[in-house]
Amino acid sequence: FGGAYHVAVQVYWLEWSFGWCEEGSGVQAVWVGKSSLGRYRERIPLGRTPCTPEDVLSILAELRDSWVGASYNLLSRNCAHFSTELVRRLNVEDA
């Protein structure tokens, strides 16, 4: 199964990911399973976050500032790196 895969994190009602854009934040949200960045392949449960929806929105506001779309790099700063950081900040026990 070689190739590149898109990675996102589902938390509460949305799926969050990071991608390239010319201006602004590369952090984006879509309804779960509706991303246009790739074909849905698999969901891997990581556990539940102790964060409230308000906490999650605060975390995402911080990430939107630091994950600028123009900083995207296929190998060193991509959707998988963003997802790892988001899961870490969500304090998901099983991740």
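Above: the structure in question.
The structure presented is a predicted model; accordingly, all values stated were derived computationally and were not measured. (Residues numbered from 1 in each chain as written. Predicted model: local features only at pLDDT ≥ 70, side-chain atom pairs only at ≥ 80, totals over all residues. Heavy atoms only, no water.)

Some points on the packing of aromatic side chains
Counted according to the given criterion, the structure contains 5 aromatic pairs. Their ring planes at 75° and their centres at 5.0 Å tell us that F18 and W67 sit as a pair that is edge-to-face. Of the two residues, F18 is situated in strand 2 (residues 14-18) and W67 in the loop between helix 1 (53-66) and helix 2 (79-89); the sequence distance between them amounts to 49 residues. F18 sits in the buried class, given a relative accessible area of 1%. Here the aromatic rings of W67 and F82 are separated by 5.4 Å at their centres, their planes lie at 80°, and the arrangement is edge-to-face. (Phe/Tyr/Trp six-rings, centres within 6.5 Å; stacked < 30°, edge-to-face > 60°. Helix = DSSP H or I, 4+ residues; strand = E, 2+ residues; numbered from the N terminus. Buried < 20%, exposed > 50% of the residue type's maximum accessible area, 1.4 Å probe, protein only.)

Observations concerning the layout of surface pockets
Taken as a whole, the largest pocket holds about 1100 Å³ of empty space. Contributions of two or more residues to the lining of the largest pocket are made by strand 1 (9-11) and helix 2. Of all the elements, strand 1 adds the most residues to the lining of the largest pocket, at 3 residues. Taken together, the residues that form the lining of the largest pocket break down as 16 nonpolar, 8 polar and 7 charged. (1 Å grid on protein atoms, 1.4 Å probe; cavity = no way out; pocket = protein on both sides within 12 Å on 5 of 7 lines; lining within 4 Å. Points joined across faces, edges and corners; volume = space filled by probe spheres on them. Nonpolar A, V, L, I, M, F, W, Y, C, P; charged D, E, K, R; others polar.)

Things to note about unusual backbone geometry
The backbone of Y12 sits at a positive phi, close to 55°, despite the residue not being glycine. Among the structural elements, Y12 can be located in the loop between strand 1 and strand 2. Positive phi, close to 55°, is recorded for N91, a residue that is not glycine.

Examining helix 1
Given a rise of 1.5 Å per residue, 14 residues ought to cover 20 Å, and the 20 Å separating the end C-alpha atoms of helix 1 matches this to within 8%. Those residues of helix 1 not exposed but buried are V56, I59, L60 and L63. One face of helix 1 carries all of its buried residues, which in axial projection span an arc of 100°. Across helix 1 from its buried face, at more than 90 degrees, point the exposed residues E54 and D65. Against the buried residues of helix 1 lie strand 1, strand 2, strand 3 (27-31) and helix 2. (Expected span 1.5 Å × (residues − 1). Arc of directions from axis to C-beta. Contact = heavy atoms within 4.5 Å.)

Quick notes on empty space enclosed by the protein
A water-sized probe, rolled over the atoms, reveals where empty space remains. For the structure shown, the criterion picks out 1 cavity of 30 Å³ or more. Forming the walls of the largest cavity are V11, Y12, W13, W16, P53, V56 and L57. In terms of residue count, the dominant contributor to the lining of the largest cavity is helix 1 (3 residues).

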